Amino acid sequence: MSLRSFTLDELVRRNAALHGARPAFVAGDRTVTHAEYASRVGRLAAGLARAGVGAGDRVAVLAPNSLEFCDLYGAVARLGAILVPVNARLSPEEAAHVLADVSPRAAVVAPALRALLAGASLDGARRFVLGAAEDGWEPFESLYGVGSHEAASPVDDDAGLVIIHTAAVGGKPRGALLTHRGLLASSVQCVGLWGLTADDVYVGALPMFHVAGLNLMLAVQHAGGAMLVLQRFDPDALAADVDRHRGSVVGTFPPMLAQLLDAAERGGASLASLRVATGIEMPDTIARFQARCAGAAFWVGYGQTETSGMVSLSPFAERPGSAGRPVPLCTIAVVDDEDRAMPVGESGEIVVRGPTVFGGYWKLDADNAATFRAGWHHTGDLGRLDADGYLWYQGRSPAKELIKPGGENVYPAEVERTLREHPAILEAVVFGVPDAQWGEAVAAVCVARPGTTPDEKEVIEFVGSRIARYKRPRRVHFVAELPRAANGAPDRAAVKTAHGAI
């Protein structure tokens, strides 16, 4: 271990020493203190070690939020292994790709999600199910022995902790390797900006397979606080839980916040304990939240999985419409196509430097060389910095156009490839359109093959049957031909201009 390293395992041990009797996690009727969490982590790490998991090995998990999911983060940290949380909304084909990409030493699955792994190859992996043993799957509970694992060699904080597969730029998801250093640097910035203490409670409705949910969990843990572990988003239950557990921190994606406010009005929840809300929301929803929760602030920001969380963050009211100011441990710049800095107020690609930048895409050296060129992480997103240092997000670069329905990441290339697999589709251009409920929706403009008359609903369901359903278009418009750029390829900008209102 480096003289200057600090890992997630050390955070768990620190909390046990400083906040041992205080709650760390509340899951249903189970409350686990920080001291008990450290014990659970040590015993689970020992069990995983007996199952053959060691430093650098991958452990895949496909499950909703649970106490066991939280234990896995701590246990792999102690072992120096890497957790691979699989998005539960993927299709079986996508889940199979993720597992093939990382070759896990062990896999953990919730019984209700086992069907997603039907086509996955788990050769050489020990298999554990969150429940009773079944069909070659061992009970996860059997991993909790009586001893506590102590790593044979210390873990450096620049070692990988998590691989999260991001949306598919070139048709297949890429695994982003996040390090201890990056994730803890990102979380400790939230501690400082939000003034988090051991009294704070994160209401954990965001899935733990997303960097946003993981980042908020770690931020409150870094402060010695507690996480309320929620398996799914239920607005009525969430509103009641905020009051019952004095929840102070919540993260949302559309339409979660609006539904939470509706539920609070229906059920009479005060939401008075909330201090911090953050995420992606429409301005009118944020205004409604601020009116109801006068003691809270809604924080807006900009970040990616590849930056371990937010790299800019400010209260929405400070500069409405912006994505906040750079957080303390990140440098943000805006550059042109030749990586030259743009003057204040002018648009270009957003680039980032600092300890939160990820370790690279898993087994993709060429992608890493392009992403990390000139000493910066190139986000592929466009923006500008104003004279006061606020970042104004302006969309995606043509090479990395991204659609975010309900906070999920969807790259057009993946949806277009799937559309072209339909026997009646010759060409397709996919783009995002504004959506009142989800913030943004997927739309497609297609050219049908000669002699065919494809049905819009059938095409939409075709896409939803092959990739995650949140990636399927909400609308498909058929045209006789697509406008062409000078090189003969479809002119994406012209298509979007002509059909952006579909």
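Bear in mind that the values here come from a model prediction, so they are computed numbers and not experimental data.

Overview of the overall build of the protein chain
Summing up its helical and strand segments, the protein chain has 13 helices and 23 strands in all. For 502 residues, the compact-globule estimate of 2.2 N^0.38 gives 23 Å, and the C-alpha radius of gyration of the protein chain, at 23 Å, lies within 12% of that figure. Summarising its shape, the C-alpha atoms of the protein chain cover approximately 70 × 55 × 50 Å along the three principal directions. Within the span of the protein chain, comprising 502 residues, buried residues form 57% of the whole. Pairs at least 24 apart in sequence give 64% of the contacts found in the protein chain among residues at least 6 apart. Each charge class in the protein chain was averaged separately, 48 positive and 56 negative side chains, and the resulting centres sit 2 Å apart.

Some words on helix H5 (residues 180-194)
Compared with the 21 Å implied by 1.5 Å per residue over 15 residues, the 21 Å span of H5 between its first and last C-alpha is a close match. With eleven of its 15 residues buried, H5 lies for the most part within the structure. Those residues of H5 that fall on the buried side of the exposure criterion are His180, Gly182, Leu183, Leu184, Ala185, Ser186, Ser187, Gln189, Cys190, Val191 and Trp194. Looking one or two residues beyond H5, the residue adopting positive phi is glycine 195, at roughly 65°.

Examining the packing of helix H7 (residues 235-244) against helix H8 (residues 256-267)
Running from N to C, H7 and H8 point in directions that differ by 70°, and their axes come no closer than 8 Å. In terms of orientation, H7 and H8 fall into the roughly perpendicular class. Residues Pro235, Asp236, Leu238 and Ala239 of H7 touch H8, and the partners they reach there are Gln259, Leu260, Ala263, Ala264 and Arg266. In the contact of H7 with H8, the residues fall into six nonpolar, one polar and two charged.

Re the side chain of histidine 165
Examined against the element boundaries, histidine 165 turns out to sit in strand S8 (residues 160-166). Among the polar contacts listed, one links the side chain of histidine 165 to the side chain of aspartate 101, at a separation of 2.9 Å. Contact partners of histidine 165, with chain neighbours within four places excluded, come to Val84, Val98, Asp101, Val102, Pro173, Arg174 and Gly175.

Observations regarding the packing of aromatic side chains
A full pass over the atoms with the stated rule returns eight aromatic pairs. Taken together, a centroid distance of 4.9 Å and an interplanar angle of 70° make the contact between phenylalanine 358 and tyrosine 361 edge-to-face. According to the relative accessible area criterion, phenylalanine 358 is buried, its value standing at 4%. Following the ring pairs from residue to residue traces out a cluster consisting of Phe358, Tyr361 and Phe372. One cation-aromatic arrangement involves arginine 174 over tyrosine 361; the distance from NZ or CZ to the ring centre is 3.9 Å.

Here's the deal with the nonpolar core
Ranked by internal contacts, the top residues of the largest apolar core, which has 149 residues, are Met217, Leu271 and Leu419. Per-element tally for this core: the top contributor is helix H3 (residues 67-79), with nine residues. If we skip the residues at most four places from it in the chain, methionine 217 touches Phe25, Cys70, Tyr73, Tyr202, Met208 and Met227.

Rules behind the numbers
- Residues numbered from 1 in each chain as written.
- Predicted model: local features only at pLDDT ≥ 70, side-chain atom pairs only at ≥ 80, totals over all residues.
- Heavy atoms only, no water.
- Helix = DSSP H or I, 4+ residues; strand = E, 2+ residues; numbered from the N terminus.
- Rg over C-alpha atoms; globule rule 2.2 N^0.38 Å.
- Buried < 20%, exposed > 50% of the residue type's maximum accessible area, 1.4 Å probe, protein only.
- Contact = heavy atoms within 4.5 Å.
- Lys, Arg positive; Asp, Glu negative; His and termini not counted.
- Charge placed at Lys NZ, Arg CZ, Asp CG, Glu CD.
- Expected span 1.5 Å × (residues − 1).
- Axes fitted to C-alpha atoms, helices over the stretch in contact; angles between N-to-C directions.
- Parallel < 35°, antiparallel > 145°, perpendicular 65-115°, else oblique.
- Nonpolar A, V, L, I, M, F, W, Y, C, P; charged D, E, K, R; others polar.
- Polar contact = N/O pair within 3.5 Å; in protein donor to acceptor, adjacent residues only side chain to side chain.
- Phe/Tyr/Trp six-rings, centres within 6.5 Å; stacked < 30°, edge-to-face > 60°.
- Lys NZ or Arg CZ within 6 Å of the ring centre and 35° of its normal.
- Core = buried A, V, L, I, M, F, W, Y, C linked by side-chain atoms within 4.5 Å.

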